[in-house]
Amino acid sequence: MVSAKTESSWIVLGLVSGEPVAAVLDTSAHEVERISPGQDALAGWIAEVEASRTVRWVWNDAPAWYPALLASGVRIARCHDLRLCHAILRDSALVEGAEELRAAVGWDAAPAGDARDASPTLFDLEDAAEPTGPPTGLDDVLAEFARQQAAIADSSDPGRLRLLIAAESAGALVAAELRAAGLPWDAAAHDRILTDILGSRPTAGGLPTRMQDAADRVRRELGDPGASLDSQPKLLRSLHRVGLLVESTSRWELAEHEHPVVAPLIEYKKLSRLLSANGWTWLEEWVDDGRFRPVYVPGGVVTGRWAAAGGGALQVPRQLRGAVRADPGWTLVVADVAQLEPRVLAAMSRDEQLAEAARGRDLYTGIVESGAVETRQQAKIALLGAMYGATTGESGRLVPRLRRIYPRAMALVDQAARVGEQGGVVTTWLGRSSPAPSSGWRATQLQASQVEASGADETRARRWARDRGRFTRNFVVQGTAAEWALAWLADLRGRLASLPAAGVPAPPSGPVFGRMPHLAFFLHDEIIVHTPAEHADAVADAVRGAAASAGRLLFGDFPIDFPLDLKIAQTAEKS
DNA sequence: TACTGGTGCGCG
DNA sequence: AAAGCGCGCACCAGTA
C-alpha cells in the first residue's frame, strides 16, 4: 500500500444566494479566503487556478458542475466528489462513527440532472423548479466536507479510504469527460452491418428482409401463418402445438431440441434482438455528429462498478464493434485486462500460488499447468464458479480442486460468503462495504429460528442466506476489481493529459479535447482511447504504464501482474 | 393510459 | 432452464 499524495489545498465550490462562491482552504482545511468570480467568469477563473497550482476542487456532485466547465473548454486535474464519497463513507466498515454522515440531510440524493429524463407526469407531481441532486449551498457543502474529512481521519485505515475517495472522484471526472468526448461512431458502417445481418431496411413499418424471411420460415414450421413470435406465452403455446415441449422459449433450451422450427426461430430471435436493441432507431436516437454519448453512472452498482443510463453503453454488442471508428488522422487504442477479477483475488488474498499461475501468461493456462485441472475451459469454469459461488454442475464439481491448490484465495471468497450468509457486511480492499441485509431478509432469518418455524420457513431462510452469501462472495472480488479499474483510469487520465497536442484536425468532440488523446469508452475492465495517430504508441505505453501503476497503488510489492490485450487500430472490432 | 413484473438477452 | 455474480433494455401481459 502506498499512501495517497497529500494535497496542497482544497477549494470548495458552492452557491451563495444562487451565485457560485469558492472557499479556499489551507492544508489544515481552514478557510482562508472566499472568492466570488461570478457565474460568467467561473470557468475562466477555475482554469487560471488550475494552471497555476495544485488544488483539489470540492463540490457536491460532478454532474452539477463539470459538464458546464467542459463545455467551456476547461478540465480540472482532481476533485473530491461529495455525493459519491458520502455513499462510500456512510457504509464503510472502516469508518467507526458514521452517525453524523448518516444523519446529514440530502446527501443520499440521486445525481443532479435526473429530472431532465423524468416523464412529464412525474414531473408535474413535483415542483418543477425543485432542484435535484445533493445540496448546493456553500455552507452545506463545507459542512459535509468537514464531516467526510473527520470520518476518514478517524477511520481504522485513512490511507486506504483516501485512495478510494480519490479514485472514486477521479471516476466522476472521467465519466463527465467520456460523455463530452463521446465514442467515435461511424453511422454508415453501422448501417452496413445492420443491412448485412438483417437485410434491407424496411420502408414502412415492416420487417427487414432477412428477418421477414426467418419469420416466414418459423411460421411455416409452426403451421400457423398468423403465429405471434414476439409474445413469449403465445410462442410457447405454438411450440407445444407442434410437439416441441419446451418450458421456456430461451435460446439455449431451444437449441437442445431437434425440430425443424428450432434453427429459424433462433435465427429470428438473434435478428430481432439486434433490430430492437441496436437497430436504426437506436442509431438515430443515440448517435449524433459521429459520436455515441452514453450517460455513465459512476458508483451506480453497489460493488462500485459503474452503471450506465440510456443507450445501453454496457451492452454494445460485439457485432457492432466495427462501427466504432476513429476520425481521419486519428486512431483507437483498445485495451482490456486479461482475467482481472482472479488476479485481484490472488493479490488481495496474498495467494502466491495463484499469482504464480497468473504471472506473465494466461491465468487459466497457468492453472492447467499447476495440475489442478486438465483443460483451460475447466480452469475458467472452476475459477468463475469459485468467485460466483457455484455449487452444482461441472463448475461446482471443479471448485474443490481449486480449493486444494489455492487455499488462500479460496478461503477469502469462502469467508466472504460465510459472513454474508450470517447477515454480516463485507468490505473491498480499499474499504467499500456491502449493504446490510434488508429488513425482509433479517425477518426471514429470525422467523426460521423460532421454535414454531415451519419447514417452508427454514427452506426459504436457507435459500435467502445462500443467495446473500453468493452476493457477498462476489462483492469483495468485483468491488476490488472496480477499484483497480478506477485507479487505472485515473492514472491513465493524468498520463494522457501530459501528452502534447498533435497536428491533426480537431474532431467534433467539443473544444475541450481538441487535438489531445482522450478516453472515449470504459467498461469495467476495458478502455478505448481516441488519439491522433502520431501518438498511438505513446498512448499504448501510457495505457500499460497506468495498469502497472494501478497494481502497485493497490497491492504494493505483491507479485501480481495485470497484462493487457491491447491493439492500435481504426476500429474497435475484436479479432 | 400508465404502472409493474416476467421473460429473454446483450455486456463485464 | 441455467449451473453461478453484477448490470440495462425491449417487449409483452396483467392490473389499476
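Residues numbered from 1 in each chain as written. Chains lettered and ligands numbered in written order. Predicted model: local features only at pLDDT ≥ 70, side-chain atom pairs only at ≥ 80, totals over all residues. Heavy atoms only, no water.

Counting its secondary structure elements, chain A contains 22 helices and 14 strands. By the compact-globule yardstick of 25 Å for 575 residues, chain A fits well, its C-alpha radius of gyration being 26 Å. Seen through its C-alpha atoms, chain A measures out along the principal axes to roughly 80 × 65 × 55 Å. Counting every position in chain A, which comprises 575 residues, the buried fraction comes to 49%. The contacts in chain A between residues at least 6 apart in sequence include a share of 67% that link residues at least 24 apart. The distance from the centre of the 61 positive side-chain charges to the centre of the 72 negative ones in chain A is 6 Å. (Helix = DSSP H or I, 4+ residues; strand = E, 2+ residues; numbered from the N terminus. Rg over C-alpha atoms; globule rule 2.2 N^0.38 Å. Buried < 20%, exposed > 50% of the residue type's maximum accessible area, 1.4 Å probe, protein only. Contact = heavy atoms within 4.5 Å. Lys, Arg positive; Asp, Glu negative; His and termini not counted. Charge placed at Lys NZ, Arg CZ, Asp CG, Glu CD.)

In this section: the domain arrangement of chain A. The assigned domain composition of chain A is domain 1 (10-180), domain 2 (188-283), domain 3 (294-339 + 482-569) and domain 4 (341-478). Centre-to-centre, using C-alpha coordinates, domain 1 lies 35 Å away from domain 4. Contact with domain 1, which involves ten residues of that partner, is made by six residues of domain 4. Its largest share of buried area at the contact with domain 4, domain 1 owes to Asp91, Arg160 and Leu164, together 54% of the area lost on that side. Arg432 is paired through a salt bridge with Glu168; the nearest N and O atoms lie 2.9 Å apart. Elements that contribute at least two residues to the side of domain 1 that touches domain 4 include exactly α3 (82-91) and α7 (158-181). If you tally residues by element for the side of domain 1 that touches domain 4, the top one is α7, at five residues. Its residues assigned to classes, the side of domain 1 that touches domain 4 comprises six nonpolar, one polar and three charged. (Domains from an automatic or database assignment. Buried area = accessible area lost by both parts, 1.4 Å probe. Salt bridge = Lys/Arg side-chain N within 4 Å of Asp/Glu carboxyl O. Nonpolar A, V, L, I, M, F, W, Y, C, P; charged D, E, K, R; others polar.)

Here we come to the protein's contact with DNA strand C. In the region of DNA strand C, 29 residues are neighbours, and Ser231, Trp252, Gly310, Thr391 and Arg470 sit closest. Sugar and phosphate atoms constitute 68% of the interface atoms of DNA strand C, taking the interface as everything within 4 Å of the protein. Measuring from a phosphate oxygen of DNA strand C, one finds a side-chain N or O atom of Ser231 at 2.5 Å. At 2.9 Å from a base nitrogen of DNA strand C is found a side-chain nitrogen or oxygen belonging to Gln315. Counting residues per element, the surface near DNA strand C draws most heavily on helix α21 (residues 455-497), which supplies four residues. Its residues assigned to classes, the surface near DNA strand C comprises ten nonpolar, twelve polar and seven charged. (Near = heavy atom within 4 Å. Polar contact = N/O pair within 3.5 Å; in protein donor to acceptor, adjacent residues only side chain to side chain.)

This paragraph deals with the sheet that holds strand β12 (residues 518-522). Here we have four strands laid out as an open sheet, ordered β12-β13-β11-β14, and antiparallel in their pairing. Every other strand in the sheet has two partners, leaving β12 and β14 (564-569) as the edge strands with one partner each. Looking at each pair of strands side by side, their axes are set apart by 20° on average, direction ignored. Bridge analysis of β12 against strand β13 (residues 526-532) gives four bridges, and the strand direction is antiparallel. (Pairing = 2+ DSSP bridges. Axes fitted to C-alpha atoms, helices over the stretch in contact; angles between N-to-C directions.)

Right, let's talk about helix α8 (residues 187-198) for a bit. For α8, built from twelve residues, the straight-helix expectation of 16 Å at 1.5 Å per residue is met to within 8% by its first-to-last C-alpha distance of 16 Å. For α8, the complete set of buried residues consists of Ala189, His190, Ile193, Leu194 and Leu198. Along the axis of α8, the buried positions cluster into a sector of 145°, meaning they face one direction only. Directly beyond the C-terminal end of α8, a positive phi value near 95° is found at Gly199. (Expected span 1.5 Å × (residues − 1). Arc of directions from axis to C-beta.)

Neighbouring DNA strand B are 17 residues; Gln232, Thr249, Arg251, Leu314 and Asp525 lie closest to it. Backbone atoms, meaning sugar plus phosphate, form 76% of the atoms of DNA strand B positioned within 4 Å of the protein. Arg251 is positioned such that a nitrogen or oxygen atom in its side chain is 2.4 Å from a phosphate oxygen of DNA strand B. Between Asp525 and DNA strand B, the recorded distance is 2.6 Å, taken from a side-chain N or O atom to a sugar or linking oxygen. Within the surface near DNA strand B, the residues separate by chemical class into four nonpolar, seven polar and six charged.

Here the focus is empty space enclosed by the protein. All told, the structure shown has two cavities of 30 Å³ or more when counted by the stated rule. Considered as a void within the structure, the largest cavity measures approximately 90 Å³ in volume. Around the largest cavity sit Arg75, Val174, Glu177, Leu178, Arg493, Leu496, Ala497, Phe513, Met516, Pro517, His518 and Leu519, which together line it. Listed by contribution, the elements that provide at least two residues to the lining of the largest cavity are α7, α21 and β12. For the lining of the largest cavity, the class distribution of residues is eight nonpolar, one polar and three charged. Looking at which domains feed residues into the lining of the largest cavity, each of domain 1 (10-180) and domain 3 (294-339 + 482-569) gives three or more. Approximately 50 Å³ is the volume found for the second largest cavity. Taken together, Gly304, Arg305, Trp306, Ala482, Ala485, Leu486, Phe522 and His524 make up the lining of the second largest cavity. Considering every element that reaches the lining of the second largest cavity, the biggest residue donor is α21, with three residues. (1 Å grid on protein atoms, 1.4 Å probe; cavity = no way out; pocket = protein on both sides within 12 Å on 5 of 7 lines; lining within 4 Å. Points joined across faces, edges and corners; volume = space filled by probe spheres on them.)

Turning our eyes to something else, we now look at the nonpolar core. Trp185, Ile367, Trp484, Trp488, Ile527, Val543 and Phe555 are the most contacted members of the largest nonpolar core, which totals 128 residues. Of all the elements, α21 adds the most residues to this core, at twelve residues. Apart from residues lying up to four places away in sequence, Trp185 is in contact with His190, Trp282, Leu283, Val287, Gly290, Arg291, Phe292, Val316, Leu320, Ala323, Val324 and Arg325. (Core = buried A, V, L, I, M, F, W, Y, C linked by side-chain atoms within 4.5 Å.)

Of all residues except glycine, most have a negative phi; of all peptide bonds, most are trans. One non-glycine residue with positive phi stands out, namely Ser17, at about 50°. Tracing the backbone shows Ser17 in the loop between β1 (10-16) and β2 (19-25). For Ala29, which is not glycine, the phi torsion reads 65° and is therefore positive. Tracing the backbone shows Ala29 in the loop between β2 and β3 (31-35).

Moving on, we come to the pairing of β3. Across four bridges, the pairing between β2 and β3 is antiparallel. Opposite Leu25, over in β3, you have Glu31 as the bridge partner. Linking two consecutive strands that pair antiparallel, namely β2 and β3, is a turn of five residues; a positive phi of about 65° is found at Ala29 within it.

Here we come to the confidence of the model for chain A. Residues with a pLDDT of 70 or more make up 95% of chain A, whose mean pLDDT is 93. Note that pLDDT drops below 50 for residues 1-7; the model gives that stretch 17 contacts with residues more than four away or on any other chain. A low-confidence stretch, residues 115-130 stays under pLDDT 50, and its non-local contacts, those more than four residues away or across chains, total four contacts. (pLDDT = per-residue confidence, 0-100.)

Taken as a whole, this structure holds 30 salt bridges when the rule is applied. Ionic pairing is found between Arg321 and Glu526, a salt bridge with its closest N-O pair at 3.1 Å. Placement of Arg321 in the loop between β10 (307-309) and β11 (330-337) and of Glu526 in strand β13 is noted, with a sequence separation of 205 residues between them. Taking relative accessible area as the criterion, Arg321 reaches 7% and is therefore assigned buried. Asp336 serves as the salt-bridge partner of Lys574, at 3.0 Å between the closest nitrogen and oxygen. Taken together, the residues Lys574 in the segment after β14 and Asp336 in strand β11 connect sequence positions 238 residues apart. Residue class for Asp336 comes out buried when judged on its relative accessible area of 15%.

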